[in-house]
Amino acid sequence: MLGFKNKIEKSFTLTTICIVVLALIAAFLLYPRSSESEKGKKTIVIWVPRSKTDSIKKSVEEFERRNPEYQVQVGSATVRDAVGDPTRFLLGVAGNVPPDLIYFDRFAIVEWASRGAFFPLNEYLKRDKALPDAISQANYVAPAWNEATYKGKQYAVPNSVDNRALFYNKNLLIRAGFVYEKNDPEVRSGHVKAGDAKPPKSWNELCRKRIDSKAKVMSNGKVVFGAGVNLVHSGVAKNDVITILSGDGLNDIFRARVQSVVDSTTLLVDFEKELAPGTQRVASEFTGNVRVKIFDRNSYIVKLTRFDSYTGSLKTAGFIPFFGNSWLYMYGWLNGGKFMSSDGRKCTLDDPRIVEALQYIIDMYDCLGGVEEARIFQSSGMGSSMLDLFLNNKIAMKIEISWFMQTISSYKPNMSFGVVPAPLPDSRIKAGGQPVSWMGGWSYAIPSTAKNKDDAWKLMKWLCSLEANKIRAEFESTVSKSKGQVYFPRLSPEKRFNKYLYKKYIKSSPAISKNLKNAYSTMIYLLDYCKYRPVTPVGQKLWNEHKRAASLAIGHSMTAKEALDNGCRQVQISLNRILNPPDGPTVPWLKLIVLYCLAILAWIVFMILRNRRKKQANGYRRNKWYEGYICVSPWLLGFFTFGAGSIVFSIVISFTSYDVLSPAKFIGLDNYRNLVADPIFWLSIRNTCFMIISVPLSIIAGIALALLLNHSLRGMQLYRTLFYLPAIVPMVAALLLWMKVFDPRIGFINQLLITMGVDDPPAWLSSPVWAKPSIIIMSLWGVGGSMVIWLAGLKNIPETLYEAAAIDGAGPIRRFTHITLPMLTPYIFFNLVMGMIGIFQIFEQAYIMTNGGPEDATLFYAYKLFNEAFRYLNFGTASAMAWLLFFVVLVITLFNFWLGKKWVHYGD
């Protein structure tokens, strides 16, 4: 007994020594080192995106040389999306360790500035107005400067800019016959030559819709319209594109050509003129009362689009509305629409002009054969700039960002292309409408909690100066030359710097083609005609809802008006919560922390008294109980700090309105009530519940795989290892791999299906119907992880049971159903419980592969929770969702345990 006691004492001593050593190591790592700031230098911390780190460092080095009293620490603002997911920055602000200066997206700056995350620069701008190095608004493009202004306060100084215009392939337009004639005003004025490619100027030129009406389609290809339609007066003629929409949501689309007009209400469809998806199904699926759209054969989008005569898929597209860098915002502005009222208090996403613009987009997709066909076509050009469809003559026109000029310069510098303002609606042209472009970009800003604001302002002034920008440009030029590439600079919001860039690097460079020079000039011209995303506290919510509405409408899940009305309603709810914050009491965090610490102390006292009583009852056997708690104290400390503390915090937050940047205020059960009234919340639940299908499929696949590998054959260990490998592949790498596998055009699965004779394979992740099944199929790839558990279960079944059954005449199937399955029920139960819990936590697939789309098909519960927390900063709502998820999972798990008593056999 004495020896046992000595062992315990030695163990305790060793544990104590380990804890002390770990504490010393932690203190060594965490204790601040002597830095330059302690030697008399001031430290300025700046965060920049990784892609800009090297060039900004060059300007920073010159700043340090001119100001030896400073040292600048350049950190990376590592984010996936600075606008939609600025997690690191927000954590820095909330944790009171922000940078002194940050280079950030202007759109994001204003949204977070409206919640107090950034410091207004007005006093600095006014104070330095008379200085030679002053930052002057007059030197900047007005839209870029105004995008960083909110309620009269300037929160950032722009330092990069991008805008959008129509890029067009001259050769494809000329081949289709779109050229300037001698009598065109542009030719007479000398701006262009006769025979040059002529891009579209109006929406009607781009895509003219002649008919949109219900009709009856006969099996012989005859289409009969009602009395309210006059095909002759509408100008319908041979070879016009006819799109037939059928199905419950009008999402089953057939595209063909008009063969002839029989009379004013009847026409014939030519099925052979242009083979398109669904040709073989017309007679059986597209007959009856359907919706028919007819598009002018001379429209740009029609004449420039070609289909493959063998596969029926898009071969060359004239124009795809959302291909490139264009969204509903662009078309809404082109039509004169506004997405937010002038006072910023009302969302106007349902503006009739925006509804009209969205309907025009829907028509263009229908003219191409539907949005799914366009998505499949687009997927073939993703993944590399070299594969871009425009560069490879696969698409004739697209609205693209100004940075695309760099892509052309790098990969196809001699390409014959042009850049013009995006086409306007005909009504806007008649009214004398000006060109419209769309601007974004990045800026320098000072966080509101920055500790060295004056020093940060001094560094900002230098980085925004003409001289610092020249240093950056020279560095980027040197890097391009070292790669054997021609340096093609990006546009700047600083007018003087733009002139400098054009004169030094564009105009005088013989390596830059005339087309690129003209494109650069056009982009500079359009800077003054740019719109920018609404400056509002709900900018990200508005952005997401405008994308969501467009996605639902072009997929015919909703009409344009229904989708925009729904999106407008969601944005307005969020805006009202911010403009009219709750009046509830502020959460007294200090009191709650004290109460929490007292509760922990009470638990410690209780455990001491409890163990002392047990010691008195059990004698020496409980004599060293405290040593166990000392040994486990590191875990207890971590649990109480990061585990139980976070749980308590989450519970409290679920009853508050909290956005990290402002004090939390109690609002009672409002978060829970708002969730119940949120249709997207219920949609996320339905999407998540659909994925339950994957649980039994994974169980079946795992058992089948384990049965195959449960044999004593030579090399079986190698096979088991190979099947287990997918379970250890990092999730992100696996998802990126499967995105390639599911590629509708070049993916392995569709190539295999085509080889097997399937003419129209699924679009997988691009299809709202197939997106969730795609993720389920992908989940089966990782069943090798559960295979280990199934193998353990199979090895645990006594061979004598199989021998006895075989003697009694039981065949393989009866032995499996009467022995294997019953003996595997504990393992089935374990995988069932863990699988059900995992289903409600699906997140990475939606976040990386689909962004919740298409058409909300993969908007899972955990993905919505993430959006509420880190994209909209509704931490109260996110916490409420987390606790609802906890109770749902708890109920399902308890139900499984109750039901398991009736069917799980443990063999004892």
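Refer to the structure presented above.
Residues numbered from 1 in each chain as written. Predicted model: local features only at pLDDT ≥ 70, side-chain atom pairs only at ≥ 80, totals over all residues. Heavy atoms only, no water.

Peer 1: Lay out the overall build of the chain in plain terms, naming residues and giving numbers.
Peer 2: Scanning the chain from N- to C-terminus turns up 38 helices and 22 strands. When the backbone C-alpha atoms are referred to their principal axes, the chain occupies close to 110 × 90 × 60 Å. Each of the 908 residues in the chain was classed as buried or not, and the buried ones make up 49%. A separation threshold of at least 6 residues defines the contact pool for the chain, and within that pool the share at least 24 residues apart is 74%. When the accessible area of the chain is evaluated, it comes to approximately 44,200 Å², of which 60% is carbon and sulfur surface. Taken as two groups, the 106 positive and 71 negative side-chain charges of the chain have centres that lie 4 Å from each other. (Helix = DSSP H or I, 4+ residues; strand = E, 2+ residues; numbered from the N terminus. Buried < 20%, exposed > 50% of the residue type's maximum accessible area, 1.4 Å probe, protein only. Contact = heavy atoms within 4.5 Å. Areas by Shrake-Rupley, 256 points an atom, 1.4 Å probe, with all protein chains shown as cover. Lys, Arg positive; Asp, Glu negative; His and termini not counted. Charge placed at Lys NZ, Arg CZ, Asp CG, Glu CD.)

Peer 1: I'd like a description of the pairing of strand S8 (residues 209–217), backed by residues and values.
Peer 2: As paired elements, S8 and strand S9 (residues 222–225) share three bridges and run antiparallel to each other. Bridge pairing in S9 links Val 217 to Val 223. Between S8 and the antiparallel strand that follows it, S9, lie four residues; Gly 221 among them carries a positive phi value of about 90 degrees. (Pairing = 2+ DSSP bridges.)

Peer 1: Go over the side chain of Arg 871, please, and point to the residues and values.
Peer 2: Structurally, Arg 871 can be placed in helix H37 (residues 861–871). At 3.0 Å, the side chain of Arg 871 and the side chain of Tyr 863 are in polar contact. A polar contact is formed between the side chain of Arg 871 and the side chain of Asn 867, at a distance of 3.0 Å. (Polar contact = N/O pair within 3.5 Å; in protein donor to acceptor, adjacent residues only side chain to side chain.)

Peer 1: Provide a residue-level description of the sheet that holds strand S2 (residues 70–76), including the pertinent values.
Peer 2: Hydrogen bonding along the main chain pairs the strands of a sheet, whether they run parallel or antiparallel. Strand order across the open sheet formed by five strands is S2-S1-S3-S19-S6, with mixed pairing between neighbours. Since the sheet does not close on itself, it has two edges, and those belong to S2 and strand S6 (157–158), each with one partner. With seven bridges connecting them, strand S1 (residues 42–48) and S2 associate as parallel partners. Each bridged residue has a counterpart across the sheet, and for Ile 46 the counterpart in S2 is Val 74. Strand contacts of helix H2 (residues 53–66): S1, S2, strand S3 (101–105) and strand S19 (442–445), with the helix running at about 170 degrees to S2, the strand carrying the most contacts. (Axes fitted to C-alpha atoms, helices over the stretch in contact; angles between N-to-C directions.)

Peer 1: Report on the environment of Met 523, specifying residues and quantitative values.
Peer 2: Within the secondary structure layout, Met 523 lies in helix H20 (residues 514–526). Sequence separation of Met 523 and Val 758 is 235 residues, and the distance between their C-alpha atoms is 46 Å. Here Met 523 is in contact with Asn 163, Arg 164, Ala 165, Phe 167, Glu 400, Ile 401, Ser 402, Met 405, Val 419 and Leu 491, once residues within four sequence places are set aside.

Peer 1: Give me empty space enclosed by the protein: which residues, what numbers.
Peer 2: Under the defined criterion, the tally for this structure stands at three cavities of 30 Å³ or more. By volume, the largest cavity is sized at about 50 Å³. What lines the largest cavity is simply Leu 172, Arg 175, Ala 176, Lys 303, Leu 304, Arg 306, Thr 316 and Ala 396. Of the residues in the lining of the largest cavity, the class split is four nonpolar, one polar and three charged. (1 Å grid on protein atoms, 1.4 Å probe; cavity = no way out; pocket = protein on both sides within 12 Å on 5 of 7 lines; lining within 4 Å. Points joined across faces, edges and corners; volume = space filled by probe spheres on them. Nonpolar A, V, L, I, M, F, W, Y, C, P; charged D, E, K, R; others polar.)

Peer 1: Tell me about the sheet that holds strand S14 (residues 306–307), residues and numbers included.
Peer 2: Across the sheet, five strands lie side by side as S14-S15-S16-S7-S17; this open sheet has mixed pairing. The open sheet terminates on both sides in strands that have one partner only, identified here as S14 and strand S17 (417–420). As paired strands, S14 and strand S15 (residues 314–324) are joined by two bridges and run antiparallel to one another. Within the sheet, the bridge partner assigned to Phe 307 lies in S15 and is Leu 314.

Peer 1: Please provide a residue-by-residue account of the side chain of Asp 363, values included.
Peer 2: Note on placement: Asp 363 falls in helix H13 (residues 352–367). Look at Asp 363 and you get buried, because its relative accessible area is 6%. In terms of polar contacts, Asp 363 uses its side chain to reach the side chain of Lys 293, at 2.7 Å. When residues no more than four places from it in sequence are discounted, the contact partners of Asp 363 are Lys 209, Asp 212, Lys 293 and Phe 295.

Peer 1: So what about the pattern of salt bridges? Which residues, and what values?
Peer 2: Applying the stated criterion to the full structure yields 35 salt bridges. One salt bridge in this structure joins Asp 363 and Lys 209, with 2.8 Å as the shortest N-O distance. Highlighted residues: Asp 363 in helix H13 and Lys 209 in strand S8, separated in sequence by 154 residues. Between Asp 296 and Arg 210 there is a salt bridge, and its shortest N-O distance comes to 3.0 Å. Residue Asp 296 is found in the loop between strand S13 (288–295) and helix H11 (300–303), and its partner Arg 210 is found in strand S8; the two are separated by 86 residues along the sequence. Look at Asp 296 and you get buried, because its relative accessible area is 8%. (Salt bridge = Lys/Arg side-chain N within 4 Å of Asp/Glu carboxyl O.)

Peer 1: Let's hear about the packing of aromatic side chains: which residues, and what values?
Peer 2: Per the counting criterion, the structure on display carries 54 aromatic pairs. Their ring planes at 70 degrees and their centres at 5.3 Å tell us that Trp 327 and Trp 543 sit as a pair that is edge-to-face. Separated by 216 residues along the polypeptide, Trp 327 in the loop between S15 and helix H12 (328–334) and Trp 543 in helix H21 (residues 539–554) bring together distant segments of the chain. Accessibility expressed as a relative area gives 30% for Trp 327, which makes it partly exposed. A centroid spacing of 6.0 Å and a plane angle of 75 degrees characterise the contact between Trp 738 and Trp 781, whose relative ring orientation is edge-to-face. Of this pair, Trp 738 sits in helix H30 (residues 731–741) while Trp 781 is found in the loop between helix H32 (771–779) and helix H33 (784–795), placing the two residues 43 residues apart along the sequence. For Trp 738, a relative accessible area of 11% translates into the label buried. With a relative accessible area of 30%, Trp 781 lands in the partly exposed category. One aromatic cluster is present, built from ring pairs that chain together Trp 589, Phe 649, Tyr 658, Phe 843, Tyr 847, Tyr 863, Phe 866, Phe 870 and Phe 875. The ring of Trp 438 is capped by Arg 164, whose NZ or CZ atom sits 4.1 Å from the centre of that ring. Sitting over the ring of Phe 690, Lys 772 keeps its end group 5.3 Å from the ring centre. (Phe/Tyr/Trp six-rings, centres within 6.5 Å; stacked < 30°, edge-to-face > 60°. Lys NZ or Arg CZ within 6 Å of the ring centre and 35° of its normal.)

Peer 1: Give me the pairing of strand S11 (residues 252–263): which residues, what numbers.
Peer 2: Where strand S10 (residues 241–246) meets S11, six bridges bridge the pair, whose relative direction is antiparallel. Note that in S11 the partner of Ile 242 across the bridge is Ala 256. In this sheet, strand S12 (residues 266–270) lies alongside S11 in antiparallel orientation, the contact comprising five bridges. Bridge pairing in S12 links Arg 257 to Asp 270. Here S11 hands over to S12 after two residues, the two strands then running antiparallel side by side.

Peer 1: Tell me what's going on with unusual backbone geometry, and back it up with residues and numbers.
Peer 2: Of the consecutive residues Gly 853 and Pro 854, the connecting peptide bond is found in the cis state with omega at -10 degrees. Structurally, the position occupied by Pro 854 is in the loop between helix H36 (844–850) and H37. You will see that Asn 239, though not glycine, has its phi angle at about 75 degrees, which is positive. Structurally, Asn 239 is set in the loop between S9 and S10. In this structure Asn 239 comes out as partly exposed when scored by relative accessible area, which is 23%. Positive phi values are uncommon outside glycine, yet Asp 856 reaches one of about 65 degrees.

Peer 1: Help me get a handle on a positive patch on the surface, residues and values and all.
Peer 2: Together, Arg 175, Arg 306, Lys 315 and Lys 394 line one region of the surface with positive charge. Residue position: Arg 175 is located in helix H7 (residues 170–175). (Patch = residues over 30% accessible without salt bridge, like charges linked within 9 Å, V, L, I, M, F, W, Y side chains within 5 Å.)

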